[in-house]
Amino acid sequence: MAGPRVAVVGGGANGASIGADLYRAGVDVTLVEQWPAHVEAIRSEGLRVITPDDELHVRPRIIHLCEVAELRSGFDVVLLVMKAYDAGWASRLIAPYLAPDGLMAAVQNGMTADAVTEAVGASRTVGAVIECSATMTEPAVVHRHTPRERSWFAVGRLPGGAEGIEPVADLLALSGTVARFDDILSAKWMKLVSNCTLLVTSAILGLPMLDALHQPGFRDVMVAAGDEALAVGGALGHRTLPIFGLEPADLDDPRGVIEVMTDRLFAGFVVPGATTTVLQDWRKGRHSEVDDLNGEVVRRGVELGIATPVNARITEIAHRIERGEIAPGASHLPLLLDALR
């Protein structure tokens, strides 16, 4: 192993996939994971990452969260691949082990860059966006729906942030295509806009993403949720940027941006049978990132005086599911459609 010492904090489906790619490329990488059975299975059997075309079996170093306190040396780069709501505590946990001139990037959903900046300082923080799809239902086995050639990342310098983003870009390039943005916060909000259209909405129906798309009226819900999020982002000062393979010309008509983004997302990144991380969380009995996605749009909309009825309805239904009052199911589609009126 040579080059930077790297930690991937969060060895779940996406974190394990990235970590496996780094290990295969000869990077000195350590996974840090909170699921004990997953850690022990990788230690004893190795990590299997299964894609539509092949299978990767590797044995990267992995440690339990509680073993972070036993680390004797630091890391040059930390990739934080946790749920958005874990960004604060996870970045603070690993902060003492980031080298003085090291870099940390939150490779996750949501607007979590501030959490990393608060933990390690702006000069050591790099902004990042991730678009990957993977599932993990048993320890040490990941089903990666978007292999390397279909996975997408973005990196960029945050306001007042680290000047040198290339170490992070070079590492993520081992696991997918990497775009670079001057305004990475706007790119992150664009990813949030995309997430608002699909992640929670399809999970509410209890369906894989492609199956949800074919439900009558569901596309209208997606577009309306995305339009609300785009409007809130614009009021916050975030620019509409081309992500996920969009071209600048695709943004010429603001009224059609969400529809074009939806088409490109399904054409390039969504595969048959793939479910969102939200539905995977609910099936495991865990709460989701809804408050960091659709809920964030609602919260910001209230602050700005912008109505967000569709995102509010999505968030409301998601909270009812997480309280155990209802279960995901296609029967909830009329409730979503009612918010369009």
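Please refer to the structure placed before this passage.
Residues numbered from 1 in each chain as written. Predicted model: local features only at pLDDT ≥ 70, side-chain atom pairs only at ≥ 80, totals over all residues. Heavy atoms only, no water.

S.K.: Give a description of the pattern of salt bridges that names residues and reports values.
M.R.: Side chains bearing opposite charge may pair, as long as their charged atoms lie close to each other. If you walk through the whole model with that rule in mind, you get 24 salt bridges. Between D263 and R219 there is a salt bridge; the shortest N-O distance is 3.1 Å. Taken together, the residues D263 in helix α9 (residues 257–268) and R219 in helix α8 (residues 218–236) connect sequence positions 44 residues apart. The shortest N-O distance in the salt bridge between E296 and R300 comes to 3.3 Å. Of this pair, E296 and R300 both sit in helix α11 (residues 294–304), separated by four residues, roughly a single helical turn. By relative accessible area, R300 is classed as partly exposed at 26%. (Salt bridge = Lys/Arg side-chain N within 4 Å of Asp/Glu carboxyl O. Helix = DSSP H or I, 4+ residues; strand = E, 2+ residues; numbered from the N terminus. Buried < 20%, exposed > 50% of the residue type's maximum accessible area, 1.4 Å probe, protein only.)

S.K.: Describe the sheet that holds strand β9 (residues 134–138), and please don't skip the residues or the numbers.
M.R.: By definition, the strands of a sheet pair up through backbone hydrogen bonds, in either a parallel or an antiparallel sense. Judged by pairing direction, the sheet is mixed, and its four strands sit side by side in the order β4-β3-β10-β9 without closing on themselves. Bordering the open sheet on either side are β4 (55–58) and β9, each of which pairs with just one other strand. Pairwise comparison of adjacent strand axes, ignoring direction, gives a mean angle of 20° for this sheet. (Pairing = 2+ DSSP bridges. Axes fitted to C-alpha atoms, helices over the stretch in contact; angles between N-to-C directions.)

S.K.: Which residues make up α9, and what values do they have?
M.R.: With 12 residues, α9 ought to run about 16 Å at 1.5 Å a step, and its terminal C-alpha atoms sit 16 Å apart, in line with that. For α9, the complete set of buried residues consists of V257, I258, M261, T262, L265 and F266. Buried positions in α9, seen along its axis, are confined to an arc of 150° and lie on one side of it. Buried residues along α9 sit against β8 (125–131), α6 (184–204), α7 (209–213) and α8. (Expected span 1.5 Å × (residues − 1). Arc of directions from axis to C-beta. Contact = heavy atoms within 4.5 Å.)

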